[in-house]
Amino acid sequence: MDNQQIIVRVATLDDKKYSTIITDEMEASAKARGTGIAKRSPEYIEQKIDEGKAVIALTKMGDWVGFCYIETWSHGEYVANSGLIVAPAFRKSGVAKSIKERIFALSREKYPDSKIFGLTTGLAVMKINSDLGYEPVTYSELTQDEAFWAGCKSCVNYEILMSKERKNCMCTAMLFDPKDHYAPEETKEYFQENAKLFERLLRFKQWKLLAPFMKKDKEKKDKEKKGGSSRPKSLLHYFFHF
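Residues numbered from 1 in each chain as written. Predicted model: local features only at pLDDT ≥ 70, side-chain atom pairs only at ≥ 80, totals over all residues. Heavy atoms only, no water.

Student: How would you summarise the overall build of the protein if you had to cite specific residues and measurements?
Tutor: Along the protein, the regular secondary structure elements total 8 helices and 7 strands. Relative to all contacts within the protein whose residues are 6 or more apart in sequence, the contacts with residues 24 or more apart total 70%. With the model as given, the accessible surface of the protein reaches about 13,500 Å², and the carbon-plus-sulfur share is 54%. (Helix = DSSP H or I, 4+ residues; strand = E, 2+ residues; numbered from the N terminus. Contact = heavy atoms within 4.5 Å. Areas by Shrake-Rupley, 256 points an atom, 1.4 Å probe, with all protein chains shown as cover.)

Laid out in structure tokens, this is it:
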């Protein structure tokens, strides 16, 4: 797609009509990737638009292209750019980066002293974040606001998160601290030099975290097979194809 035909801007009240399309695509995309997200409702998306905390991408003809929004935690000490989603027809066009750049700028305008963080399972988003000056961090450096972690309950990986006492999960944590950060040029260069290493680490992390659940799921299925049980397969089977 020609990125010149796409408009990326702060969402307005008229854009609330896209809320259901946005949440449906968020859910479908997560299932297709076999990863989890904190589920959001159309009403929640509309609330973010009402608050002026959302960025939307549209074609000049008014077709929905992409979306992202701002969340605040710990009384504004932390800000998250959440829910980044791009319509399938416009992926790999560069629009995701444009949306992330605009929501990052909006976050800096509204909350200049806040730490901006993100959780992602994707290498592509890690690259975009690195270009903006984010750095990989441990979960201990993120907000400890209970409301934030409660939002993970609808994620298929929530059991993994809690088994690690909220210190690790499938997502990689990244942070931009306005008071202590490298220049974007430095984080961008560092990511480029270590992209293959990051990819291997992501795969190893996923394998390491999933291994205990693979064993547990196998033992459960073996037990059911011996007992002749016809109970449905676990959620892990459907999302991770065990």
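Student: Any details on a negative patch on the surface? Residues and values, ideally.
Tutor: Judged by side-chain charge, Glu-185, Glu-186, Glu-189 and Glu-193 come together as a negatively charged surface patch. Here Glu-189 shows up in helix 7 (residues 184–227). (Patch = residues over 30% accessible without salt bridge, like charges linked within 9 Å, V, L, I, M, F, W, Y side chains within 5 Å. Salt bridge = Lys/Arg side-chain N within 4 Å of Asp/Glu carboxyl O. Lys, Arg positive; Asp, Glu negative; His and termini not counted. Charge placed at Lys NZ, Arg CZ, Asp CG, Glu CD.)

Student: Provide a residue-level description of the packing of aromatic side chains, including the pertinent values.
Tutor: Here a ring pair, both rings aromatic, is described through the centre-centre distance and the interplanar angle of the planes. Summed over all chains, the structure comprises 9 aromatic pairs. Geometrically, the ring pair formed by Tyr-44 and Tyr-69 is edge-to-face, given 5.7 Å between the ring centres and 75° between the ring planes. Of this pair, Tyr-44 sits in helix 2 (residues 42–50) while Tyr-69 sits in strand 3 (residues 64–73), placing them 25 residues apart in sequence. Here Tyr-44 falls in the partly exposed class, since its relative accessible area comes to 21%. Members of the aromatic cluster, joined through ring pairs, are Trp-73, Tyr-78, Phe-117, Tyr-139, Phe-148 and Trp-149. (Phe/Tyr/Trp six-rings, centres within 6.5 Å; stacked < 30°, edge-to-face > 60°. Buried < 20%, exposed > 50% of the residue type's maximum accessible area, 1.4 Å probe, protein only.)

Student: Go over the pattern of salt bridges with me, naming the residues and quoting the values.
Tutor: Tallied over the entire structure, the rule returns 11 salt bridges. Sharing partners across several salt bridges, the network here consists of Lys-48, Glu-51 and Lys-53.

Student: Any details on the environment of Pro-112? Residues and values, ideally.
Tutor: Relative to the helices and strands, Pro-112 resides in the loop between helix 3 (95–110) and strand 5 (115–120). Taking the relative accessible area as the measure of exposure, Pro-112 reaches 41% and is therefore partly exposed. Between the C-alpha atom of Pro-112 and that of Lys-179, which follows or precedes it by 67 residues, the distance is 9.9 Å. Residues within four places of Pro-112 in sequence aside, it is in contact with Ser-107 and Pro-178.

Student: Got a sec to walk through the sheet that holds strand 4 (residues 78–86)? Specific residues and values, please.
Tutor: In spatial order, the strands read 1-2-3-4-5-7-6; together these 7 strands make up an open sheet with mixed pairing. The two strands at the open ends of the sheet, each matched to only one other strand, are strand 1 (6–10) and strand 6 (135–137). The sheet shows a mean angle of 25° between the axes of neighbouring strands, direction not considered. The sheet contact formed by strand 3 and strand 4 spans 7 bridges and is antiparallel. Considered in strand 4, the bridge of Glu-71 is made with Ala-80. Strands strand 2 (54–59) and strand 3 of the sheet are contacted by helix 2, whose axis makes an angle of about 75° with strand 3. (Pairing = 2+ DSSP bridges. Axes fitted to C-alpha atoms, helices over the stretch in contact; angles between N-to-C directions.)

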